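Overview (structure and organization)
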Amino acid sequence: RMRILTELAPGLKISRIITGLWQIADMERKEELDSKESAQNLIPYINSELTTFDMADHYGSSEIIAGICKKNHPEKDKISLFTKWVPKPGPINKKMVREAIELALERMQQNSIDLIQFHAWLYADPSWLDGLFYLKELKEQGLIQNIGVTNFDANHLRIALASGIPIISNQISHSVLDRRALGEMKEVCEGNNVKLFAYGTLLGGFLSERWLGLEEPKMGTLATWSQMKYIRFINAAGGWSVFQQLLKRLEQVAKKYHTSIANIASRFVLENPNVAAVFIGA
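So, here's what we can say about the structure. (Residues numbered from 1 in each chain as written. Predicted model: local features only at pLDDT ≥ 70, side-chain atom pairs only at ≥ 80, totals over all residues. Heavy atoms only, no water.)

Digging into helix H9 (residues 225-236)
With 12 residues, H9 should cover 16 Å at 1.5 Å per step; its first-to-last C-alpha distance of 18 Å lies within 8% of that length. Among the residues of H9, those classed as buried are Ser-226, Gln-227, Tyr-230, Ile-231 and Ile-234. Here the buried residues of H9 occupy an arc of 130° about the axis, which is enough to place them on one side. Along H9, exposed side chains directed more than 90 degrees from the buried face belong to Arg-232 and Ala-236. In the core, the buried residues of H9 are packed alongside strand S9 (195-199) and helix H10 (240-256). Taken from the residues just after H9, Gly-238 is the one with a positive phi, measuring 135°. (Helix = DSSP H or I, 4+ residues; strand = E, 2+ residues; numbered from the N terminus. Expected span 1.5 Å × (residues − 1). Buried < 20%, exposed > 50% of the residue type's maximum accessible area, 1.4 Å probe, protein only. Arc of directions from axis to C-beta. Contact = heavy atoms within 4.5 Å.)

Here you go:
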């Protein structure tokens, strides 16, 4: 039996299945949600020991919703809120970084961020390293508890770590279809005690029984942004017919263990010792 919680860093216990809040995106869709009502919708996750939530500055009102949930919960100390700072391409200065972190703290109603994850658009512009140094300063001031990154390749993760940035996590795509995490990234993680957060574990829901035996969907019929994204992954990995063969094999394993394709696909990723948790979108 796999443990439900894991210690990501001293004093930071997280659930091995993290609830991702990308699909909120209500501000971008101009359909703003009722924050208090939406916060109540997170309670069943917490009651099921799924106490860790991942969001970002551009995931609509996700920071606000999760912040209300944590503030009003009787066991708020066991809830972890992870967010991301995704600056616009271009120079990064200290004022810009502080404003971004203070805005996130205000939206989440927190005094310190459990984990801030930094995204770099263009490695050719060295300002991405400036951003990490400024985040490190804010960590030393107590506004941030831990620093992570998103979508870093092995080489640039190694550069950041060698520069003295105390990175504890890297959030990357990792699934039975996308196994890049098992290459050079594995060596960097093991050598520097960096843990991976795996998103795309279920390919936006494609890794489930509901798609078994179906014809390839047309782009215009897909229901979510995740599906629009991961159909491209499927095509890059060999196409829909090859994907159907994968689903059939996963179904065989799932039946053997009396579970679902989604559970088998998630467990495959969690078996990677460098993976701290998988993200399942809500």
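Overview of the environment of Met-219
Topologically, Met-219 is positioned in the loop between S9 and H9. Considering only alpha carbons, one finds Met-219 and Lys-229, 10 residues apart in sequence, at a separation of 9.8 Å. Met-219 has contacts with Met-228 and Ile-231, leaving out every residue within four places of it along the chain.

With respect to unusual backbone geometry
Phi angles above zero are rare outside glycine, and Gln-109 is one such case at about 55°. With a relative accessible area of 36%, Gln-109 lands in the partly exposed category.

Some points on the layout of surface pockets
Within this model, the largest pocket holds a volume of roughly 850 Å³. Lining the largest pocket are 34 residues, and of these Trp-22, Tyr-199, Ser-226, Tyr-230 and Gly-281 lie nearest its centre. If one sorts the elements of the lining of the largest pocket by residue count, H9 sits on top with four residues. Across the lining of the largest pocket, the residue classes break down as 14 nonpolar, 16 polar and four charged. In this structure, the second largest pocket occupies an estimated 480 Å³ of space. Considering the residues around the second largest pocket, the lining is formed by 19 residues, among which Met-2, Ile-17, Asn-263, Arg-267 and Leu-270 are closest to the centre. (1 Å grid on protein atoms, 1.4 Å probe; cavity = no way out; pocket = protein on both sides within 12 Å on 5 of 7 lines; lining within 4 Å. Points joined across faces, edges and corners; volume = space filled by probe spheres on them. Nonpolar A, V, L, I, M, F, W, Y, C, P; charged D, E, K, R; others polar.)

Concerning the nonpolar core
By size, the foremost hydrophobic cluster in this structure holds 55 residues, and its most contacted members are Ile-101, Phe-118, Leu-132, Leu-135 and Leu-157. Take this core: its biggest share by element is six residues, from helix H5 (residues 94-108). Excluding residues that lie within four positions of it along the chain, Ile-101 makes contacts with Ile-113, Ile-116, Leu-135, Leu-138, Leu-143 and Ile-144. (Core = buried A, V, L, I, M, F, W, Y, C linked by side-chain atoms within 4.5 Å.)

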